[in-house]
Amino acid sequence: MNKMHVDMGEIENEPVRPKITDAKGILQQNREFLDFFWDIAKPEQEIRLKAIENLIQYLKTSEKTDELTYTLKRLVDGLAHTREAARPGFSLALGQVLSVFEEIPLRTAFDQIKEKHNLAKKLIRNAAFGNFFGVLALSQSTRLPKEPQVVLECVQLLQSLSQYREHLRDLPRKTMVDILSETSEEVFEEVLLGALQTDLSSAFSTPEQLQLLLVAMQKFPQVLKPKKLKKLLGTSTIITMDNIPKLTDVLKMAARSVKKDRLLPAVALDLLQISLREDNFELFWRETIINGMLKDQPGPTHYLSYRLLGSALPLLTLAQLKQVLNGEVMRTYGEHVVSAQLPDRFKFAPEMETYVGDFLQGCDDPEKQLAVMVAFSLLTNQGYPVVPSFWRVVQHLQPTALQSYVDWLKDMFLNPRLDSCLDFSTRRQKENQEGGIQRENCIFRLRKWIIPRLTSIAENNQVKREEALVMDVARFVFFHAFFNSKKATPDILETEATLSVPLDEKTRTTLHSLSFFKKQHINHLPLLGDSPEVAARNQRHMQGVMADGSMWIFCLVRYADTLLNQPKYVKSTQPFSPEQRQAWDSMLASVGTLMKKSKKGQTPETSAFQQLFLLVGIHLFKAPEDLVDLMQDLQNCMEKAQEKKSKKKKAVTGSAAAGEEEPHWAEVVVDILLSLLSQPSRHIRHVCRTVFSNICPHVTARALTSLENTVLLQSSIAYIFTLRKYMYYLLLQNEDESDASDDDSDEGEDEAMEEGSEVDQNFRIELMKVLQNQGALATEEDGSDDYELDDEAMMKLDGSIAGLFLEQKKKMQAKKDEKDKLKKEKTLVRDFKIKVLDLVEVFLARQGSSPLVLGMVEPLLSVIESGMSSESDQQEQDFLRKAADIFKNQLCRAKQYCKTVGNRQGELHDLLEKLMTKTQKLSDSSVSLYFFSASLYLVKTTPSTELRFMGNVDVERVSAIFKGALCSFMTRRKSPLSGLMFVDLFTRFPVLCVNLLVTAVEHITTGVREHQQVRLAGSTSTITIETGKNKVVQEKLVKALELSLFLVKTVNEQKLSVDLEPLEKVIQSMREVLGFRKTGQMEDTYWAVMKHFGVIKPKRDRTRKTKDQAEPTAPKKKKGFLPETKKRKNRKKQLPVSEQGAADANTVPLGKPEGGKKKINKIKRKLPGGGETPVQGPTKKAKTT
């Protein structure tokens, strides 16, 4: 021991070497400097980049040269770091250091890299990574081209690293390409050309070597001239027929190498550029791509062809574009798009959309843009193009190209040229089509795609379109939806182009639907144009008007009127009757009158009526029979409104008391909209939403009340039946369907009569009378059971009974019809209420800050409450789901809410108290959640300006209301409230949290004292068992702990002046009472609370007892060892029976096996004399020890 001390002293007294002294000095004196290297090795990229930046800044300000030397050594050492993310970090840091500090020679750094990472002495993998990332750092320093000799040695080192492909893959070759691209022509010719001679000569062997040659040819064309290429490769050009097979093999190798990366190999794009430069593009595309790559099965080679097609778009001429986009690559791509629609298939379409979008965005030639759009539109599957009708790349088209494309689409609709399409059919389609493809079906599919493509161009706000183009598309769709051309006229441009193939009914139906969607869209269209005036007007959210102030819908109505007034040139597909034409003319007259009034001064009333007339008028083309009466009602409503307005102006001051208060114009419009909603039309529903959204700022409380009554109460049924003619129409429509099934339902009615549990007593009495009148019933006077009637009497009796049963059947049918009618009426009422909810949703979305919104709280809650308890058919569920969604998202979670309640504070507090009282009485917790959310919304409507004040809210009264709810939650066994409700309350309103904190602590204390009282009756173990059995106590404890956790957390975070010591004492005592032994919700919540008091959950003692501490009576068995009788080797040995039995008896353990209970079979063993001796296992007593 003394000798060891002497030796240590000698070591300490020895002089320290200078190199070690410098290193130790850095370690001891500057810890901040060393932390940079630790951060560079971390996996987070942001930390690595920040550490490199700080290291460079530190070295710039430092005056110690030894630190720069240590930095170079440390970074070189880190190039072969075992952590994958650390190696690029050290490489980048070394490159930055060499770039900033030019006093470090690159030769020195390169020598250190080779010396530190010697491939002959180190592990191959680490040494290979160290050398590669070292060369990469030298390349990133941007100083490498200045030292040609170092460049040569770097290239030679990379060539030697190429053999370690299992570790570095193709990274050395790619780095050589990067170095080559930065090298000057002089250095390449004098230094590198000789070193790269072998790689350049074997360019057709691997993709990396071929790319090296192609980059050299692009970078140094004066060095690698045709003569030099012929010397290297045997040919003066790359793209030749002899080289095509080699190039195809190289491209296939490149495609498989990037299979997982899903990108285009650089060598493929370089080959494409070389083919264009050598003017051999057609040869390359035909032989290498079409006849080479596409001959393989669909996979990486096909995807490389598609990527090469997308990347070639900016490089090709117009003629080359048309050739490529009309070839086999496009057809194969179309087949892929159709087959990839199945789930779990790789879809290349989004990637191709990116290629096309980038091309259109960077191309300034409208002809090329048009050629690409037309080519992709002509790629069809049995007439239907594979690109979607709504294609986002259209937004990059220039106005000239866009107009030409729209003209081409219209021409293809009028004159479908299927021969110009690049059409294909999948294998499955060919198998399913026995008679071939029908031309009519292909034309329909093509037109079906063109119509939405046209409308999507006009509707897409990202497309640079003009007003003339939008109106041109709208007129085109409207004309062909409802009119046919008879004779050309210059006044109507649509008549000059005729249809080569007449429109069928399916195409007309598609045109009808899309034409009305088009009208709906242009009604919300913003101003078009790029002028500052247009931008300023759009900021005021002006929609549905053109630059001159006229409405889009009015321009379309005026165009429709022009078509109706030209019967010589056009013919309507559904001509108007005289009554319908009169309704149309009266609509135009009313709109003209309103427009004259609006010139004097535009008012919301005239604008609403004008828009309503135009929308209903244009829908006359869709359903003229249904809207004629409605148009007349609109006329009457407007006239009455105008009359009342004029009378009101002429009335004297005291005349107001003589009559009722006249309704506001918005109330009249709302009543009209409610009547419109009773129509079974989806378009009318859109009309009502549009008009109501425009008049939302002018809606009065009485108008909202009519909506509430319609949605909420049964009085809505009476309201609907006041619209008798509309309801009659709906019932007639349903009766037509029921009449068709009357014959089929006769058998069901007979079965219902037979299965009836009780017979109608009136029918029984009538039947008895008929039988008695005909003498068919035996009486007491007859005295005989054998009573028969003659044939005449029987025929008369049959007629009477048949008449009676026929009458009874009519009565039952009448009852059934009445029941079905009531069911249909109920369905119609529910459908009507769903439509009215649309208006409620629009109002809440547009006028969320209006005080009128507060009146919608109770009706929506009533709808939700009644819907939860009613029947659960699909329509009822849809209605309930929509109401709940409106209440939750449009009301409670709205960004805008009512902040000015005026003098309604008392009313709000009464409503809050009413809702909270009802919340506590509900039986359904889900409904209670909606009521509690409504209460929080009411508290939010009067926001606080300071933390401890809540505006106009009576804090004491509100606190008392929620205090009562909290007491109910903590004391009732089955309370509809939950802890999350109060957590939400305390989070949003901390003032109420402070006021309710004392109450919460009291109830938590009371909940624990119940267990303390139980503890007096028995021991801790008994209490634990009773606690596990008493679910009510457990639930109460969990609620109390959750609430206490939130309270303690809130008090600590907000630093409130609340004494938590009593709560801490009570919660600490729970551990003694409950004796937590396992994890669970209650135990985890308990320790989460105690953590805020500074008490950490103790770790479980996992130490095992030693042999000395173990009980001698129960020796511990070795884990993993079996008794001798269970070992396989004993069963294989051929022992005498006596010895085998003795061995079994000696090896059977007396104690309980460690693995648990095991069955011991009694094995009968035969003795040599023929007897059998059973070998008994251990006794049961031994097992229990």
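Before reading further, recall that the structure is shown in the block above.
None of these values were measured; they are calculated from a predicted model.

**Details of the overall build of the chain**
Consideration 1: The helix and strand inventory of the chain stands at 55 helices and seven strands.
Consideration 2: Taking the intrachain contacts of the chain between residues at least 6 apart in sequence as the baseline, contacts between residues at least 24 apart amount to 72%.
Consideration 3: Surface exposure of the chain reaches about 66,100 Å², of which carbon and sulfur atoms provide 51%.

**Quick look at the packing of helix H5 (residues 65-77) against helix H7 (residues 106-116)**
Consideration 1: Where H5 contacts H7, the axes come no closer than 10 Å and their chain directions differ by 45°. Taken together, the axes of H5 and H7 lie oblique to each other. Crossing geometry of H5 relative to H7 is assigned as right-handed. Together, Leu72, Lys73, Val76 and Asp77 of H5 and Ala109, Gln112, Ile113 and Lys116 of H7 make up the contact between the two elements.
Consideration 2: Taken together, the residues of the contact of H5 with H7 break down into four nonpolar, one polar and three charged.

**Examining the side chain of Thr71**
Consideration 1: Considering the arrangement of structural elements, one finds Thr71 in helix H5.
Consideration 2: Given the relative accessible area of 0%, Thr71 is considered buried.
Consideration 3: Ignoring sequence-local partners within four residues, the contact set of Thr71 consists of Phe33, Phe37, Leu55, Leu59 and Val97.

**Notes on the packing of aromatic side chains**
Consideration 1: Summed over the entire model, instances satisfying the criterion amount to 33 aromatic pairs.
Consideration 2: Pairing Phe129 with Phe133 gives two aromatic rings, centres 6.2 Å apart and planes at 25°, and the pair type is stacked. One end of the pair is Phe129 and the other is Phe133, both in helix H8 (residues 124-140) and four residues apart, which spans about a single turn.
Consideration 3: With a relative accessible area of 9%, Phe129 lands in the buried category.
Consideration 4: Relative accessible area serves as the criterion here: at 10%, Phe133 is assigned to the buried category.
Consideration 5: By way of ring pairs, the aromatic residues Phe478, Phe479, Phe482, Phe483, Tyr559, Phe576, Trp584 and Phe621 are connected into one cluster.
Consideration 6: The ring of Phe413 carries the charged tip of Arg447 above its face, separated from the ring centre by 5.3 Å.
Consideration 7: Lys506 extends its terminal NZ or CZ atom over the ring of Phe444, reaching a point 4.3 Å from the ring centre.

**Notes on a negative patch on the surface**
Consideration 1: A cluster of acidic residues, Glu185, Glu186, Glu189 and Glu190, forms a negative patch at the surface.
Consideration 2: Among the secondary structure elements, Glu190 is positioned in helix H12 (residues 185-195).

**Notes on the sheet that holds strand E1 (residues 379-381)**
Consideration 1: An order of E2-E1-E3 is seen for the three strands of this open sheet, with the pairing classed as mixed. The strands lining the two open edges of the sheet, one partner per strand, are strand E2 (384-385) and strand E3 (422-424).
Consideration 2: Pairing of E1 with E3 involves three bridges; the strand directions are parallel. Each residue of the ladder has a partner; that of Leu379, found in E3, is Leu422.
Consideration 3: Along the sheet, helix H21 (residues 328-339) contacts E1 and E3; its crossing angle with E3, the most-contacted strand, is approximately 45°.

**Looking at the packing of H7 against H8**
Consideration 1: Closest axis-to-axis distance for the H7/H8 pair is 9 Å, and the angle between their directions is 170°. One way to sum up the angle between H7 and H8 is to call them roughly antiparallel. On H8, the residues touching Leu106, Ala109, Phe110, Ile113 and Lys114 of H7 are Gly130, Asn131, Gly134 and Leu138.
Consideration 2: Residue composition of the contact of H7 with H8, by class: five nonpolar, three polar and one charged.

What counts, and at which threshold
- Residues numbered from 1 in each chain as written.
- Predicted model: local features only at pLDDT ≥ 70, side-chain atom pairs only at ≥ 80, totals over all residues.
- Heavy atoms only, no water.
- Helix = DSSP H or I, 4+ residues; strand = E, 2+ residues; numbered from the N terminus.
- Contact = heavy atoms within 4.5 Å.
- Areas by Shrake-Rupley, 256 points an atom, 1.4 Å probe, with all protein chains shown as cover.
- Axes fitted to C-alpha atoms, helices over the stretch in contact; angles between N-to-C directions.
- Parallel < 35°, antiparallel > 145°, perpendicular 65-115°, else oblique.
- Left-handed = near helix turned anticlockwise from the far one by under 90°.
- Nonpolar A, V, L, I, M, F, W, Y, C, P; charged D, E, K, R; others polar.
- Buried < 20%, exposed > 50% of the residue type's maximum accessible area, 1.4 Å probe, protein only.
- Phe/Tyr/Trp six-rings, centres within 6.5 Å; stacked < 30°, edge-to-face > 60°.
- Lys NZ or Arg CZ within 6 Å of the ring centre and 35° of its normal.
- Patch = residues over 30% accessible without salt bridge, like charges linked within 9 Å, V, L, I, M, F, W, Y side chains within 5 Å.
- Salt bridge = Lys/Arg side-chain N within 4 Å of Asp/Glu carboxyl O.
- Lys, Arg positive; Asp, Glu negative; His and termini not counted.
- Charge placed at Lys NZ, Arg CZ, Asp CG, Glu CD.
- Pairing = 2+ DSSP bridges.

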